[in-house]
Number of protein chains: 2
Amino acid sequence: MMNTLPDLSEQTAMDAPEDPTLDRLGSVAANRGLGALAQELYSLSDFVQQDMSVVEDELRQLDRPQALVGRAGRHLLRLGGKRLRPLCVALAARCGKGFNTAAMDFGVAVELVHNATLLHDDVVDLARERRGQATARLEYGNAAAIFAGDWLLIEALRRVRRAALPGLLERLLDTIDEMILAESLPLEHRGRLDVDRSVYFRIAEGKTAALFRYALYSGGRAGQLTEPQCQALAEYGAHLGVAFQVVDDLLDLAGDAARTGKALFTDLKEGMVTYPLILIFEQDPALGRQIADWLAGSDDLQLPDEVLHRVRVAAEASGAEQRCRELAVERAHHAIGCLEALPQSRARSALEAVAHATAHRRR
Amino acid sequence: MMNTLPDLSEQTAMDAPEDPTLDRLGSVAANRGLGALAQELYSLSDFVQQDMSVVEDELRQLDRPQALVGRAGRHLLRLGGKRLRPLCVALAARCGKGFNTAAMDFGVAVELVHNATLLHDDVVDLARERRGQATARLEYGNAAAIFAGDWLLIEALRRVRRAALPGLLERLLDTIDEMILAESLPLEHRGRLDVDRSVYFRIAEGKTAALFRYALYSGGRAGQLTEPQCQALAEYGAHLGVAFQVVDDLLDLAGDAARTGKALFTDLKEGMVTYPLILIFEQDPALGRQIADWLAGSDDLQLPDEVLHRVRVAAEASGAEQRCRELAVERAHHAIGCLEALPQSRARSALEAVAHATAHRRR
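Cut-offs and rules
- Residues numbered from 1 in each chain as written.
- Chains lettered and ligands numbered in written order.
- Predicted model: local features only at pLDDT ≥ 70, side-chain atom pairs only at ≥ 80, totals over all residues.
- Heavy atoms only, no water.
- Salt bridge = Lys/Arg side-chain N within 4 Å of Asp/Glu carboxyl O.
- Helix = DSSP H or I, 4+ residues; strand = E, 2+ residues; numbered from the N terminus.
- Expected span 1.5 Å × (residues − 1).
- Buried < 20%, exposed > 50% of the residue type's maximum accessible area, 1.4 Å probe, protein only.
- Phe/Tyr/Trp six-rings, centres within 6.5 Å; stacked < 30°, edge-to-face > 60°.
- Contact = heavy atoms within 4.5 Å.
- Buried area = accessible area lost by both parts, 1.4 Å probe.
- Nonpolar A, V, L, I, M, F, W, Y, C, P; charged D, E, K, R; others polar.
- Axes fitted to C-alpha atoms, helices over the stretch in contact; angles between N-to-C directions.
- Parallel < 35°, antiparallel > 145°, perpendicular 65-115°, else oblique.

**Student:** Explain the pattern of salt bridges here, please?
**Tutor:** Side-chain pairing between opposite charges can occur once the charged atoms of the two side chains come close. Evaluated as defined, the whole model comprises 33 salt bridges over all chains. Of the charged contacts, one joins R310 of chain B and D284 of chain B as a salt bridge, the two residues approaching to 3.0 Å between their closest N and O atoms. With R310 of chain B in helix 15 (residues 305-318) and D284 of chain B in the loop between helix 13 (275-283) and helix 14 (285-297), this pair connects stretches of sequence that are 26 residues apart. Sharing partners across several salt bridges, the network here consists of E58, E155, R158 and R159 of chain A together with D174 and D177 of chain B.

**Student:** What's the story with helix 8 (residues 142-163) of chain A in this structure? I'm lost.
**Tutor:** Three- or four-residue spacings in an α-helix give side chains the same orientation, since the helix completes a turn every 3.6 residues. Residue and element names in this part refer to chain A. Along its 22 residues, helix 8 runs 32 Å from first to last C-alpha, staying within 8% of the 32 Å computed at 1.5 Å per residue. Counting buried residues in helix 8 gives 18 out of 22 residues, a clear majority hidden from the surface. Where helix 8 ends, the next residue or the one after it, A164, has phi of about 55 degrees, a positive value.

**Student:** In this structure, what is going on with helix 13 (residues 275-283) of chain A? I would like to understand it.
**Tutor:** Along helix 13 of chain A, 7 of the 9 residues are buried, which leaves the element largely enclosed by surrounding structure. Turning to helix 13 of chain A, its buried residues number three or more, namely Y275, P276, L277, I278, L279, I280 and F281 of chain A.

**Student:** Could you clarify how one ought to interpret the packing of aromatic side chains in this entry?
**Tutor:** Two aromatic rings, taken as a pair, are described by how far apart their centres are and by the angle between their planes. If you walk through the whole model with that rule in mind, you get 10 aromatic pairs over all chains. Between the aromatic rings of F212 of chain A and F244 of chain A, the centroid separation amounts to 5.5 Å while the plane-to-plane angle is 50 degrees, which identifies the pairing as tilted. Taken together, the residues span a long stretch of sequence, with F212 of chain A in helix 10 (residues 197-222) and F244 of chain A in helix 11 (residues 227-257) at a distance of 32 residues. Each member of the pair, F212 of chain A as well as F244 of chain A, carries the same accessibility label: buried. When the ring of F106 of chain B is compared with that of Y214 of chain B, the centres are 6.5 Å apart and the planes differ by 90 degrees; the resulting orientation is edge-to-face.

**Student:** What should I look at first to understand the interface of chain A and chain B in this one?
**Tutor:** Interfaces are often sized by the amount of accessible area the parts lose when they come together. Residue-level contacts link 33 residues of chain A with 33 residues of chain B. Around 3,400 Å² of area is buried between chain A and chain B when both sides are counted, 66% of it from carbon and sulfur atoms. There are 6 salt bridges connecting chain A and chain B. Here R158 of chain B and D174 of chain A are joined by a salt bridge, their closest N and O atoms 2.5 Å apart. Split by residue class, the side of chain A that touches chain B holds 18 nonpolar, 3 polar and 12 charged.

**Student:** Looking at this structure, how should I read the packing of helix 6 (residues 101-124) of chain A against helix 10 of chain A?
**Tutor:** Describing two packed helices takes the angle between their axes plus the distance from one axis to the other. All names here are of chain A. Two numbers describe how helix 6 lies on helix 10: the axes approach to 9 Å, and their chain directions differ by 170 degrees. As far as their axial angle goes, helix 10 and helix 6 are roughly antiparallel. Across the interface between the two elements, A102, A103, F106, V110, V113 and H114 from helix 6 touch L211, Y214, A215, S218 and A222 from helix 10.

Listed below in structure tokens is the structure:
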């Protein structure tokens, strides 16, 4: 497993956990002065290290020799990523009777579905960079990237089919359908920038939370928890997913506004109004209209500096960052509340820690 | 059901069948002076009319309100097409105990998978026209077209899941996987034009024949035929699919060489060397190298007139058209031979007629 964030190595000198997800979440917690939480996350490394490396081995062995589509599919998988969804599967399974081959299949499947959507998204957005490297579409062409996404999707469905737990395949088909529907909602609003909170949350719930919900539910089922317990885990996943997406939006905007505004431009052009942007446009209602007019009338591939400046000013005045964090923290608390349906266990504590760390993460 | 080929209405004055697939195949046969075959095909119209309109109703009802992706998905479906794959499902089922809800689900599923691949292919090829209309990607954008393809794929899998016949879902997952692999093979050869027959047939078998194979097999299973009988139908489908693809290639090239050579250019640029082109490059080996060099060195979006001229000359000299037809007819005979595993029936005769007409079709 690779750690693509070199600066983390300094922060984690206090301990040497080998699981990069927990490593990262732990360092986030340490960084925020959340000492106990950081300790908890680091102590979890051993706990799920084995499960995660089983998933990682499976992902690494995924092969399709001599085909461009195979290379395109593996390209993204091998760049790593947080593997947060398989981690959720493993921890949910460990809330029950433990990690087993079904949990492994679900863990691999959710990561494959996630990567499939990224491959297709990158073609849609004509993205050039992902996880710090050239995107698969840039490296192997749009065709290979689209087919690779199709391939990973089919492979994910096969894994879940193989696990042969009643209802789980249908649920994954429904989940993917929900994701596609949500991905397409912003297209409806393209060029309008009039997305309100209810639309935003529908998108976040479908695009991001649905797969977290599936990860937690399937893990619970693999661990032979009761149906109400699995539903509670799914509920946890739904809240975690929204918290994750809101923080993602915030980090994207913060990283972007500080630099060129290119990703911001792409999002807006695609009708993708993120949560911090909703807060910003509420603060400065004319700004949204101005940007919409400007996007409609210009062929430039970048927002003008004065618009970026107004975005920054409105972001400051609206307290967008703090309000996004508050929302994420609130969702994390809801998520943790859902876990009360489960017996106390090390895995349950780990899920609590994951929720906290997700709301507080800085990257 | 719509007939998008107005010139057919003149040719079919002898009868007024309502099923456009058989109508078209029948008119092909009539056109070729194959009187008995034409009569047979026309007499089949009543026979499968009901089955096909059940499938068509299902396809028409496929809905996803207020979402661009739904419109993009329906766009292509509503433009009709030959519906040859669902026809195969229906006839295979009628070789057994008849058309039922399982056959309906399989019929809808194969048409959805076919349309899903077309949606993705059109994005890959930046195609502007399909079935005589603007492509979904042009009408609704690449994003909506990609997501619509994903949606139709998921919807197809759901239908097959619902039919709940053992092994059929796994088989569709394998089939789609085979299609993706075959679709990506030409990408390997991009810019080389050194595709030989064995590669060509691997591509045709995966890209086209695999789904025909599935259509026939699933129809047989729905009709409760024995496993060897279903395997024989699958074998028929494999031969039919290759015959269909070779004729498709021929019609594309003939239609294209007579006009601008634009589709030919696109195929070559994508490394897609079709069967008639293999024959043409065998006739004039220097031509393939010249085109490859020219494609690598030029930014033009069209082949020069002198190259097109040489293609036409080599096509003539190699007897490409006749040899493609011969191959298709041979495959049609192989297909028909496979049907000997089945008892004589009206449906079996219909499949024989479909094989003949596929080899002889003019559009």
